[in-house]
Protein chains: 2
Amino acid sequence: MAGILYKCHTCGREFKRNEVRYLCPVCSQEYSPGMPLRGVLIAVFDYDIIRRKYKRSAPDWNLFTAVEKKFFPPFQVGGTPFFRSHSLGRELGYENLWVKNDGLNPSGSLKDRASFLVVAEANRLNEPVVVTASTGNAASALAAVCAAAGKKAVIFVPYKAPKAKLVQIVLYGANVIPVKGTYDDAFKLSLAFTASRNGLNRNTAYHPLTIEGKKTVALEIFEQNNFKVPDAVLIPVGDGVIIAAVYKGFYDLKMAGITRKIPRMISVQAESSDAIHQYLLSGTYHNALSPSTIADSISVSVPSNAHMAKDAIEKSRGCSVTVTDREILDGQRILALKTGIFAEPSSSATIAGLRKLRQSGSLDPREQIVLLITGHGLKDIDAPMKDITIPEAIEPAIENVPLF
Amino acid sequence: MAGILYKCHTCGREFKRNEVRYLCPVCSQEYSPGMPLRGVLIAVFDYDIIRRKYKRSAPDWNLFTAVEKKFFPPFQVGGTPFFRSHSLGRELGYENLWVKNDGLNPSGSLKDRASFLVVAEANRLNEPVVVTASTGNAASALAAVCAAAGKKAVIFVPYKAPKAKLVQIVLYGANVIPVKGTYDDAFKLSLAFTASRNGLNRNTAYHPLTIEGKKTVALEIFEQNNFKVPDAVLIPVGDGVIIAAVYKGFYDLKMAGITRKIPRMISVQAESSDAIHQYLLSGTYHNALSPSTIADSISVSVPSNAHMAKDAIEKSRGCSVTVTDREILDGQRILALKTGIFAEPSSSATIAGLRKLRQSGSLDPREQIVLLITGHGLKDIDAPMKDITIPEAIEPAIENVPLF
């Protein structure tokens, strides 16, 4: 661990681990509120050491973990199912389609991985309070891990956040502060809190270990895929942290000489929340003007990690696609029907994306493709409820049962 | 597999595997509607063969599986977290407390294990339709596994079942038939359906492989516990199938000479739904008169597997306890606060039970105790929602943030 450096994604400057905590001190000065973050830090490992220590017969993934194991909170993340779905593949026209179901993390989303590592870091720093701004999965993930670790979680949410989302957070004993304003207001307030009061700030991408935590899903896919790198990974993209993190996981494996290639990162965004998609197309960044999608986990006007996400897609020779809410709901249904997985709308966007890419011929249907499911469908039952019909009740006699 | 017999729990008669499908043909004739099942079948393995084939270094649990692997549906059940919780143990006064979180099965409950094996059996029998009566977890589990397996699920539900519960089932493409009547009416109609139309009936305990599927959680606990048998397992008890199944798993291990003891089975029921508890106390069975508890998964008037559940508790020298809804909600909060696990109310009843047993001194606080979490908290957010307070919103300025 001693060998880890942080490298600024914007300017490339390197810092020792204990010199900086969040963003690059130089580039973050140029940060304007309401724009993507600048100066997001990337953890750089001593890949020569990893190369020497790594054993193919019994791989130790802690070689790639930025916080020592002794600081880990008592909370089991990961180890989620990864499997080939012939029936979904047939439905969508892909021969070798795989699913990684990260909705089966304890709090119901992939964000447990980020919260786990940031709370481990809080243990290392002897910091009893961890702070975040969020409306959804990141907040419940942080609340869950903090509960298990005996830490105080302070969570700023926009006051319009649906009550159901708050149940999990409050039950975990987190301090929730509803803010009369937008997510951006909550974000700024969380920064003011950690600057003037106390606590470690876990805001996504703002704390570099959110990326390092999320990257573990890539290491897990590699191991579960019998130590082979798939050809492409489809990822629901909101703020751009998960796609950057999956890239980072495969990048680390390559840098350590364990693998030779990085899968193509394929971004799927909702049509109205397409800032990263447009950034890729035009090369110039603009905020999404009025995000409004049923897939709330990827509904974002200002994706905090837009620059790194664009890089991950371009460097992996990936691509980007957008989908409508109608396509997302159809994707959710198809995923459930063909695999038995009930995923939240954002994760279902990847199924819709895969369909579009089949039509446009952008993906070779014989390649090994992985769909990353990031959140559990039970997180949001209102979305599909609008779209289904429950049959009329019958009197209890066999002759009233319709023929199927 | 060829050596498997079915043995009647009521009369002890043995049947060849393909002679019977559901209950003992003799004892089930004495079954009265509105009473627990009679003639539930127990799978009997050739334990000598298992003893010879079992390898401690690389145990093959399929030795204990009543359906060959080639018939398994493409659906990953089990492999859920099992861990020691020091903080929950400290809170409740137990030194060696462990948690098995089976709410992290794909459809959100332990019932995936039963549905998995019954659908495997449907594959073996070339049966394209699987039928059940249920209002909750068993229904969504069957719908999920049938979706993955490409089978038709036919599910009878009482028409008063909450709509939210139906979302998952309908999304998975199951044929749902709301019945104007009670669960008992739905149960009878499901039997009429499989008798006069078609399909394999998956009703819990009625199909013996529901018990065999659920028992896999015991094999998993044994393996995850470093091949040791814990001292006691606390189980939320409604119809009595899960507790009978956990017993069966440890019984099989003992019969095969792999282990020497069976953990004490400790039943936790809701106060108003305590038929099995009363049966144990008095020795005479009576239905629970008016079950009304927030823990809907264990709310049952007529526990279908009451006889076998009583046996499991008595033969393992276990015990039984009942808890109030207030205690269940407190248990849910304590579990969330100390472990980061959000469990549904029924599973939270075990925490309440553990507290009571500490007060009465019925459990040795130094023994290894396992809490079995059977369902995900996201299955029912209404229950805790009534019990929590969400703070008032503030204007977005740091001076408005309360001190913690």
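Residues numbered from 1 in each chain as written. Chains lettered and ligands numbered in written order. Predicted model: local features only at pLDDT ≥ 70, side-chain atom pairs only at ≥ 80, totals over all residues.

In terms of regular secondary structure, chain A is built from 14 helices and 13 strands. A compact globule built from 404 residues would reach a C-alpha radius of gyration of about 22 Å, and chain A, at 21 Å, matches this within 12%. For chain A, the spread of C-alpha atoms along the principal axes amounts to about 75 × 50 × 45 Å. When burial is assessed residue by residue, chain A has 58% of its 404 residues classed as buried. Partitioning the intrachain contacts of chain A with sequence separation of at least 6 by distance along the chain shows that 70% fall at a separation of at least 24. (Helix = DSSP H or I, 4+ residues; strand = E, 2+ residues; numbered from the N terminus. Rg over C-alpha atoms; globule rule 2.2 N^0.38 Å. Buried ≥ 20, exposed ≤ 12 C-beta atoms within 10 Å, placed from the backbone. Contact = placed C-beta atoms within 7 Å.)

Before going further, it helps to examine helix H6 (residues 183-196) of chain B. All names here are of chain B. In this model H6 runs 20 Å from its N-terminal to its C-terminal C-alpha over 14 residues, within 8% of the 20 Å that 1.5 Å per residue would give. By the burial criterion, the buried members of H6 are Tyr183, Ala186, Phe187, Lys188, Leu189, Ser190, Phe193 and Thr194. Residues of H6 that are buried make contact with strand E6 (129-133), strand E7 (152-158), strand E8 (175-179) and strand E9 (200-201). (Expected span 1.5 Å × (residues − 1).)

All names here are of chain A. Spatial strand order, E8-E7-E6-E9: four strands in an open sheet with parallel pairing. Whereas interior strands pair on both sides, the edge strands pair on one side only; in this sheet they are strand E8 (175-179) and strand E9 (200-201). In this sheet, E8 lies alongside strand E7 (residues 152-158) in parallel orientation, the contact comprising five bridges. Bridge pairing links valine 154 to asparagine 175 in E8. Of the strands in this sheet, strand E6 (129-133), E7, E8 and E9 touch helix H6 (residues 183-196), which is tilted by about 155° from E6. (Pairing = 2+ DSSP bridges. Axes fitted to C-alpha atoms, helices over the stretch in contact; angles between N-to-C directions.)

Among the nonpolar cores identified, the biggest contains 266 residues, and A:Ile155, A:Val246 and B:Val246 are the most heavily contacted of them. Non-local contacts of B:Val246, meaning those with residues more than four positions away in its chain, are made with B:Lys215, B:Val217, B:Ala218, B:Val233, B:Ile235, B:Met265 and B:Leu372. (Core = buried A, V, L, I, M, F, W, Y, C linked by C-beta atoms within 7 Å.)

For chain A, per-residue confidence averages 94 on the pLDDT scale, and 99% of positions sit at 70 or higher. Model confidence for the complex is summarised by a pTM of 0.96, with the ipTM given as 0.94. (pLDDT = per-residue confidence, 0-100.)

With that settled, the discussion passes to the interface of chain A and chain B. Between chain A and chain B, the contact holds 66 residues from the first and 66 residues from the second. Contributions of two or more residues to the side of chain A that touches chain B are made by helix H2 (86-92), helix H4 (137-149), E7, helix H5 (163-171), E8, H6, helix H12 (325-339) and helix H14 (382-385) of chain A. Tallying contributions element by element places H5(A) first for the side of chain A that touches chain B, with seven residues. For the side of chain A that touches chain B, the residue count by class is 42 nonpolar, 16 polar and eight charged. (Nonpolar A, V, L, I, M, F, W, Y, C, P; charged D, E, K, R; others polar.)

Note on the identical chains: chain A maps onto chain B by a rotation of 180° and an axial translation of 0.0 Å, with an RMSD of 0.0 Å. The transformation relating the two chain copies, once decomposed into turn and shift, fits a two-fold axis. Mapped onto chain B, 100% of the interface residues of chain A are again interface residues, and the two copies thus contact each other with one and the same surface. (Least-squares fit on C-alpha atoms with pLDDT ≥ 70 in both.)

Residues and elements named next belong to chain A. Reading across from one edge, E4-E5-E13-E10-E11-E12 is the order of the six strands in this open sheet, with mixed pairing throughout. Of all the strands in the sheet, the pair left with one neighbour each is strand E4 (82-84) and strand E12 (319-323). Recorded for the sheet is a direction-independent mean angle of 25° between the axes of neighbouring strands. Packed on one face of the sheet, helix H11 (residues 306-315) meets strand E11 (264-270) and E12 and runs near 130° to E11. Set on the sheet, helix H13 (residues 345-360) makes contact with strand E10 (232-236), E11, E12 and strand E13 (368-373); between it and E10 the angle comes to about 130°.

Its identity is not glycine, yet A:Ala205 carries a phi of approximately 75°, on the positive side. By secondary structure assignment, the location of A:Ala205 is in the loop between E9 and helix H7 (208-214).

For the rest of this paragraph, the subject is helix H3 (residues 111-124) of chain A. All names here are of chain A. Here H3 is 14 residues long and its end C-alpha atoms lie 20 Å apart, about the 20 Å a rise of 1.5 Å per residue gives. In terms of burial, H3 is a largely internal element, 13 of the 14 residues being buried. Phi for asparagine 126, located one or two positions after H3, is positive at around 60°.

All names here are of chain A. Direction vectors running N to C along helix H9 (residues 241-255) and H11 enclose 45°, while the axes themselves pass 8 Å from each other. When the axis of H9 is compared with that of H11, the two are oblique. Note that H9 runs across H11; the crossing there is left-handed. Contact residues: Ile243, Ala244 and Tyr247 in H9; Met308, Ala309, Ala312 and Ile313 in H11. (Parallel < 35°, antiparallel > 145°, perpendicular 65-115°, else oblique. Left-handed = near helix turned anticlockwise from the far one by under 90°.)

On to the environment of B:Val268. Residue and element names in this part refer to chain B. Within the secondary structure, valine 268 is located in strand E11 (residues 264-270). A residue is classified by how many C-beta atoms lie within 10 Å of it, and valine 268, with 32 of them, is buried. A sequence separation of 30 residues divides valine 268 from glycine 238, and the C-alpha atoms of the two residues are 8.7 Å apart. The residues touching valine 268, leaving out its near neighbours within four places in the chain, are Leu234, Ile235, Pro236, Val237, Val321, Val323, Ala349, Thr350 and Gly353.

Residues and elements named next belong to chain B. Strand E5 (residues 96-101) sits mainly inside the fold: five of its six residues count as buried. Note that strand E4 (residues 82-84) and E5 share three bridges and pair antiparallel. Across the sheet, residue phenylalanine 83 finds its bridge partner in E5, namely valine 99. Pairing of E5 with strand E13 (residues 368-373), which is carried by six bridges, proceeds in the parallel orientation. When the bridges of E13 are listed, asparagine 96 appears paired with glutamine 368.

Looking now at the environment of B:Asp296. With respect to the helices, strands and loops of the structure, B:Asp296 is situated in the loop between helix H10 (275-282) and helix H11 (306-315). Along the chain, B:Asp296 and B:Ala270 lie 26 residues apart, while their C-alpha atoms are 9.6 Å from each other.

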